[in-house]
Amino acid sequence: MKKLLISLFVLVGICGSAAAQNHPHELNLYIGGFNSQFVNYNYNLDYSSDLYALYEPQTSITTGPVITLDYNYTVLNWLSVGLQLHYNYLNVNTMTRIDYSYHHYKSDMFSFLPEVKLRIPSSAHFRLYGRAAVGVSFASQYGTRFAYDLVPIGCEWAGQRVYGTAEAVFGSVIKGGRIGIGFRF
């Protein structure tokens, strides 16, 4: 009986790996919340009338939504490895109150994060997963920074080749959620 159970588990594992290898590549395109590294970043915004506030520049940074391109390769039926590429822009406003000089510029921000995706066994038309990604982000005025992206729960729904996806995200790139479309090939 023990040998039968072991051989059954091995057979299920081989079949599951073979099924995953039919379409081992995934490409996902997402739109997500605002960049959490700079969301509502305010530096030295003091609206009081003390001398320090008059002479120091005051900076406010707002961000746009984050566009994510995600590639994964299925290693096992429950494990994928891949790379996330994120893009968003920063609107930077700097003002000096003593001379009322005002500077505005826009900066692009890119993030590159290798990732690991773990699938929870579920039905073919509704799949749950979690993932973790760690890498770097780069903005021209702010240099290179550490970046991470954790998805405690994500779901894919609809077809096997083309599907919709939504994620709850916590990280330095996005805090909140994102939604997108995916393709398997």
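Colleague: I'd like a rundown of the pattern of salt bridges, residues and numbers included.
Modeller: Applying the stated criterion across every chain yields a total of 12 salt bridges. Notably, a salt bridge pairs R131 with D70, separated by 2.9 Å at the nearest N-O pair. Linking R131 in strand β7 (residues 126-139) with D70 in strand β4 (residues 65-76), this pair joins segments that are 61 residues apart in sequence. A residue is classified by how much of its surface remains accessible, and D70, at 0% relative accessible area, is buried. A salt bridge links R178 to D149; the nearest nitrogen and oxygen atoms lie 2.6 Å apart. Of this pair, R178 sits in strand β10 (residues 176-184) while D149 sits in strand β8 (residues 143-158), and the two are 29 residues apart along the sequence. For R178, a relative accessible area of 4% translates into the label buried. Overlapping salt bridges bring together E26, K117, R119, R127, E156 and R184 as one network.

What counts, and at which threshold
- Residues numbered from 1 in each chain as written.
- Predicted model: local features only at pLDDT ≥ 70, side-chain atom pairs only at ≥ 80, totals over all residues.
- Heavy atoms only, no water.
- Salt bridge = Lys/Arg side-chain N within 4 Å of Asp/Glu carboxyl O.
- Helix = DSSP H or I, 4+ residues; strand = E, 2+ residues; numbered from the N terminus.
- Buried < 20%, exposed > 50% of the residue type's maximum accessible area, 1.4 Å probe, protein only.

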